[in-house]
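Now for the letters of each chain:
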Amino acid sequence: MAVSGNTMYVGGEFKYVQKGASPASGEKVEQSYLAAFDTATGEWKSSFRPKLNGGVWDLQVAGGKLIVAGEFTKANDAANTTGLVALDLATGKNAAGWQANVTNSTGGAAMARALDLQGDWLYVGGNFTRIAGGNPIGSPISVGRAARVRVSDGKPDGTWKPPSTAR
């Protein structure tokens, strides 16, 4: 979960959201993996409609965007969004000028699982061995399950390489 202003963003492994406070009377609406709710009323915000094809592991509001980490390979049908995407806080559309994605050359699905914001950098952890990003998107760099990207455009910092530990 992440909060910005009067909006709570919730990600996970769900297919529907429900309108209304009562489970018996509330209408189920298809909105998979990521949704937004009003913090005062609990009502679902139907204007926030991102389309992801896999689960969400972590969220971070940064630089006026919602950064999403997860098991998806596409966000809003856009290329270069495997595991990471920055979304517009109001609409859920991909944020202009921000791109990053992860790949895994050691087997298993590539995914970003954890995000941590520190100043102008977003630290990313997960199941990946390479990360690419920036605007325009640059060549992938090799990493060991952790990387950091600029909040402003998603470009990875190739000089930041913590020791890798295999799991």
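Preceding this section is the structure that the text describes.
Residues numbered from 1 in each chain as written. Predicted model: local features only at pLDDT ≥ 70, side-chain atom pairs only at ≥ 80, totals over all residues. Heavy atoms only, no water.

## Quick notes on unusual backbone geometry
Just so we agree on the cut-off: Secondary structure elements follow DSSP: runs of H or I of four or more residues count as helices, runs of E of two or more count as strands, with numbering from the N terminus. Type-normalised accessible area, obtained with a 1.4 Å probe on protein chains alone, sets the label of each residue: buried when under 20%, exposed when over 50%, and partly exposed for intermediate values.
P136 follows N135 through a cis peptide bond whose omega is 5°. In this structure, P136 sits in the loop between β12 (130-133) and β13 (141-142). Of note in this structure, N76 is not a glycine but carries a positive phi near 55°. Owing to a relative accessible area of 25%, N76 belongs among the partly exposed residues under this scheme.

## Examining the sheet that holds strand β11 (residues 121-127)
Whenever strands of a sheet pair, they do so through backbone hydrogen bonds, lying parallel or antiparallel. What counts is decided by this rule: A pair of strands counts as paired when DSSP detects no fewer than two bridges linking them. Only the stretch in contact is used when fitting a helix axis, every axis being a line fitted to C-alpha atoms; angles between N-to-C directions are given from 0 to 180 degrees.
The strand order across the open sheet formed by three strands is β10-β11-β14, and the pairing between neighbours is antiparallel. The strands lining the two open edges of the sheet, one partner per strand, are β10 (111-118) and β14 (146-150). With direction set aside, neighbouring strand axes in the sheet form an average angle of 30°. Pairing between β10 and β11: seven bridges, direction antiparallel. Paired with L117 across the two strands is L122, which belongs to β11.

## Observations concerning the sheet that holds strand β2 (residues 7-11)
Taken together, three strands build an open sheet; the order of strands is β1-β2-β5 and the sheet is antiparallel. In the strand order of this sheet, the two ends are held by β1 (2-4) and β5 (34-38), each with one partner. Across this sheet, the average inter-strand angle for adjacent strands is 25°, counted without regard to direction. Here β1 pairs with β2 via three bridges, running antiparallel. Looking at β2, one finds that V3 is bridged to M8.

Coordinates in, geometry out; function isn't part of it.
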